[in-house]
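Summary of structural features
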Amino acid sequence: MSDSAETAAGFDLHTHSVYSDGTTRPADIAREAAALGLAGFALTDHDTVDGWDEARSAAAEAGVDFLPGIEITTKHRGRSRHLLGYGIAPLAGELLDALASVRRSRLTRAREMVRLVAVDYAITWEAVLGDEDARTVGRPHIADALVAAGYFPDRSTVFAELLHPRSPYYLGTEAIETVDAIRMVRSAGGAAVLAHPAAFRQRTPVTPGELAELAGAGLLGVELRHPEHREDWLPPIIAAASRLGLIATGSSDYHGAGKPNLLGQQVTDPATVQRLRAGLAQPR
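Read on for a plain summary of the structure. (Residues numbered from 1 in each chain as written. Predicted model: local features only at pLDDT ≥ 70, side-chain atom pairs only at ≥ 80, totals over all residues. Heavy atoms only, no water.)

Moving on to the overall build of the protein. Per the secondary structure count, the protein includes 11 helices and eight strands. In summary, the protein has a C-alpha radius of gyration of 18 Å against a globular reference of 19 Å for 284 residues, a match within 12%. The burial tally for the protein puts 53% of its 284 residues in the buried class. Across the protein, contacts joining residues at least 24 apart in sequence account for 75% of those joining residues at least 6 apart. About 11,900 Å² of surface is accessible on the protein, with carbon and sulfur atoms providing 53% of the total. Of the charged side chains in the protein, 28 are positive and 36 negative, and the gap between their average positions amounts to 6 Å. (Helix = DSSP H or I, 4+ residues; strand = E, 2+ residues; numbered from the N terminus. Rg over C-alpha atoms; globule rule 2.2 N^0.38 Å. Buried < 20%, exposed > 50% of the residue type's maximum accessible area, 1.4 Å probe, protein only. Contact = heavy atoms within 4.5 Å. Areas by Shrake-Rupley, 256 points an atom, 1.4 Å probe, with all protein chains shown as cover. Lys, Arg positive; Asp, Glu negative; His and termini not counted. Charge placed at Lys NZ, Arg CZ, Asp CG, Glu CD.)

Enumeration over the complete set of coordinates arrives at 15 salt bridges. In this structure, the salt-bridge partner of Asp-28 is Arg-31, at a minimum N-O distance of 2.7 Å. Here Arg-31 and Asp-28 lie together in helix H2 (residues 26–36), a separation of three residues that amounts to about one turn. Linking Asp-47 and Arg-106 is a salt bridge whose minimum nitrogen-to-oxygen distance equals 3.0 Å. Highlighted residues: Asp-47 in the loop between strand S2 (40–43) and helix H3 (52–62) and Arg-106 in helix H4 (residues 93–118), separated in sequence by 59 residues. (Salt bridge = Lys/Arg side-chain N within 4 Å of Asp/Glu carboxyl O.)

Here the phi dihedral of His-196 falls at roughly 25°; this positive angle occurs in a residue that is not glycine. In this structure, His-196 sits in the loop between strand S6 (191–194) and helix H9 (208–216). On the basis of relative accessible area, His-196 is assigned to the buried category, the value being 3%. In this structure, Asp-253 is a non-glycine residue whose phi angle is positive, near 60°. Its place among the elements puts Asp-253 in the loop between strand S8 (247–250) and helix H11 (270–278). For Asp-253, a relative accessible area of 1% corresponds to the buried category.

The next point concerns the packing of H4 against helix H6 (residues 139–148). It is the contact of H4 with H6, at a shortest axis distance of 10 Å, that shows an interaxial angle of 30°. With respect to H6, the axis of H4 lies roughly parallel. Considering the relative orientation of H4 and H6, their crossing is right-handed. Of H6, the residues touching H4 (which contributes Arg-109, Ala-110, Met-113, Val-114 and Val-117) are Arg-139, Ile-142 and Leu-146. By residue class, the composition of the contact of H4 with H6 is six nonpolar, no polar and two charged. (Axes fitted to C-alpha atoms, helices over the stretch in contact; angles between N-to-C directions. Parallel < 35°, antiparallel > 145°, perpendicular 65-115°, else oblique. Left-handed = near helix turned anticlockwise from the far one by under 90°. Nonpolar A, V, L, I, M, F, W, Y, C, P; charged D, E, K, R; others polar.)

This paragraph deals with the nonpolar core. Of all hydrophobic cores here, the largest spans 46 residues; its most connected members are Phe-41, Ile-72, Leu-211 and Leu-219. Excluding residues that lie within four positions of it along the chain, Leu-219 makes contacts with Leu-83, Ile-182, Ala-192, Val-193, Leu-194, Leu-211, Leu-214 and Leu-246. Judged by nonpolar contacts, the second largest core, of 18 residues, contains Val-114, Ile-123, Ile-142 and Leu-163. (Core = buried A, V, L, I, M, F, W, Y, C linked by side-chain atoms within 4.5 Å.)

What follows deals with H6. Counting buried positions along H6 yields seven of 10 residues, so the element is predominantly enclosed. At its buried positions, H6 is contacted by H4, helix H5 (125–129) and helix H7 (155–161). Phi turns positive, to about 90°, at Gly-150, one or two residues after H6.

A few words on the packing of aromatic side chains. Across all of its chains, the model carries four aromatic pairs by this definition. Between Phe-41 and Phe-66, the ring centres sit 5.4 Å apart and the planes meet at 55°, which makes this aromatic pair tilted. Of this pair, Phe-41 sits in strand S2 while Phe-66 sits in strand S3 (residues 65–76); the two residues are 25 residues apart in sequence, bridging distant segments of the chain. The exposure classification of Phe-41 matches that of Phe-66, with both residues buried. Here Tyr-121 and Phe-152 contribute two aromatic rings whose centre-to-centre distance is 6.0 Å and whose plane-to-plane angle is 40°, an arrangement assigned as tilted. Here Tyr-121, found in the loop between H4 and H5, pairs with Phe-152, found in the loop between H6 and H7; they are 31 residues apart in sequence, far enough to count as distant. On the basis of relative accessibility, which here comes to 19%, the residue Tyr-121 falls in the buried class. Assessed through its relative accessible area of 10%, Phe-152 is described here as buried. Through pairs of rings, three or more aromatic residues link up here, namely Tyr-121, Tyr-151, Phe-152 and Tyr-169. (Phe/Tyr/Trp six-rings, centres within 6.5 Å; stacked < 30°, edge-to-face > 60°.)

In short, shape yes, function no, at least from these values alone.
Written as structure tokens, this is what we have:
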């Protein structure tokens, strides 16, 4: 956990709500951020901006700053990479059309994975969908249904033992090319930041060469502080980010009860957030 002085001054720039795979409403994230003494937060649900209005209103009531964001499902060189987009225009056509296609793919994939899992585990599509029918459905919701049915103790165990990429129950999903996603974020007036480049759940870290390619495409920053990073993977990424002049952010990747990550566990200082906002592109 960040020390109290850092947390009080910081922004958590990567959080998820019930609109994707978090367990907390956007308004509750805002209230928790205020209670922790955070300066502000970004809501970055997977492939959707549906929680922004609730988050923005609650942040204003709680007296914390709000930066609208999104986490986009992308791939680069055939590997899964996630991209954080901040400050996009919510009615930007090309990006939102691409995100709608990704969400449709996620839904189709989730239904088929539930069909496969249900052969061996007594879960239903209705149990997976739950009460939040507007959310972006995916593997975490299948995991939650398995936990609720008593098969596993928590979501992390389901991912480790049953829904990992080598599992017979696992299916791939549509992803936008990362370079294209960066271009679309910039065209929508936003700033693009690469998420968790050294997360232990990835087969390999992002390489300095990849980072240079993405910087050349308009990437503004990289999430260098994240609770799931492998420390031994970080040094070349940090060196490359510095050499390329990329903004370095820190975030918790908060999912409520869906992950052990704590809100404010990693933060970004206000001066860096100001640089991030200054880097927002003009919508084209």
